[in-house]
Amino acid sequence: MDIDEILNRIYPLPESSLSSLKSHISEVSYPKYFCLMKADMVISHIYFIKKGIVRAYSRAEDKYITFWFGSEGETIVSMKSYVENKPGYENIELLEHCQLYKLETENLRKLFNEDIHIANWGRKFAEKELLKTEELLISRQFKTASERYNDLLKNKSFLLKRIQLGHIASYLGISQVSLSRIRAEVK
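Read on for a plain summary of the structure. Because the structure is a prediction, the values reported are computed rather than measured.

Moving on: the packing of aromatic side chains. What the rule picks out here adds up to 7 aromatic pairs. Consider the rings of Y57 and Y64, whose centres lie 5.4 Å apart with planes at 80 degrees: the pair is edge-to-face. On the basis of relative accessibility, which here comes to 44%, the residue Y64 falls in the partly exposed class. A centroid spacing of 6.0 Å and a plane angle of 35 degrees characterise the contact between F67 and Y89, whose relative ring orientation is tilted. Taken together, the residues F67 in strand 5 (residues 63-70) and Y89 in the loop between helix 3 (79-84) and strand 7 (91-94) connect sequence positions 22 residues apart. One aromatic cluster in this structure is built from F48, Y82, W121 and F125. Here the basic side chain of R55 rests over the ring of Y57, its NZ or CZ set 4.1 Å away from the ring centre.

Right, dumping it as structure tokens:
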């Protein structure tokens with residue numbers, strides 16, 4: 001996905017502001033299974049996915065819990081690092097070879113002070129990230145595993161073809177056996 005489209009989906013920018021923001025963005029590429037972000041570290045970059053799939057996970061006792069998948073056009077950010085410049089809690093693993101756009105958080109903060117349009121873009125960016133977190137929390141608290149699976153089918157069915165079932169089960173908060181049962185019921 002093109003960087004102009006990704007940035008303007010967050011909040012449309014005038015051409016001069018878009019150009020200024022893009023001048024601080026570089027394109028990077030990493031292999032499948034690369035750990036892009038590690039928990040307990042301050043992450044000084046924001047990434048936008050040009051091509052590929054990633055997952056965010058945390059470790060709880062002896063298991064890894066996937067709580068988010070990102071795909072083309074989405075943003076990868078440690079909000080704790082972005083907002084407070086403190087270590088985040090998530091690990092970000094690439095599930096496919098990924099092409100990403102990379103933006104230094106410090107450069108973005110400087111742009112916030114120089115350009116009101118970019119500052120508004122940053123506000124909208126944070127608001128959209130908050131809404132994603134809220135939707136995830138509500139889904140986990142109030143929906144059954146079957147309802148969460150059906151939401152995944154309805155909104156992001158392409159993930160089921162590109163992600164291991166173990167990660168899908170973890171994301172849904174169930175075992176692979178339960179996921180198999182739910183999938184059989186849906187068919």
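Having seen the model, we can carry on.
The subject of this paragraph is the environment of I163. Assignment of secondary structure puts I163 in the loop between helix 7 (158-162) and helix 8 (165-172). We classify I163 as buried; its relative accessible area is 6%. Considering only alpha carbons, one finds I163 and F69, 94 residues apart in sequence, at a separation of 9.3 Å. Aside from chain neighbours lying at most four places away, what touches I163 is I53, F69, L95 and I168.

Further remarks concern the nonpolar core. The biggest cluster of nonpolar side chains holds 19 residues, and the ones touching the most others in it are L7, L21, I25, F48, L108 and W121. In terms of residues, this core owes the most to one element, helix 1 (residues 3-10), which gives 4 residues. Within the second largest apolar cluster, 16 residues are counted, among which are V54, W68, I76 and L100.

Each value, and the rule that gives it
- Residues numbered from 1 in each chain as written.
- Predicted model: local features only at pLDDT ≥ 70, side-chain atom pairs only at ≥ 80, totals over all residues.
- Heavy atoms only, no water.
- Phe/Tyr/Trp six-rings, centres within 6.5 Å; stacked < 30°, edge-to-face > 60°.
- Buried < 20%, exposed > 50% of the residue type's maximum accessible area, 1.4 Å probe, protein only.
- Helix = DSSP H or I, 4+ residues; strand = E, 2+ residues; numbered from the N terminus.
- Lys NZ or Arg CZ within 6 Å of the ring centre and 35° of its normal.
- Contact = heavy atoms within 4.5 Å.
- Core = buried A, V, L, I, M, F, W, Y, C linked by side-chain atoms within 4.5 Å.

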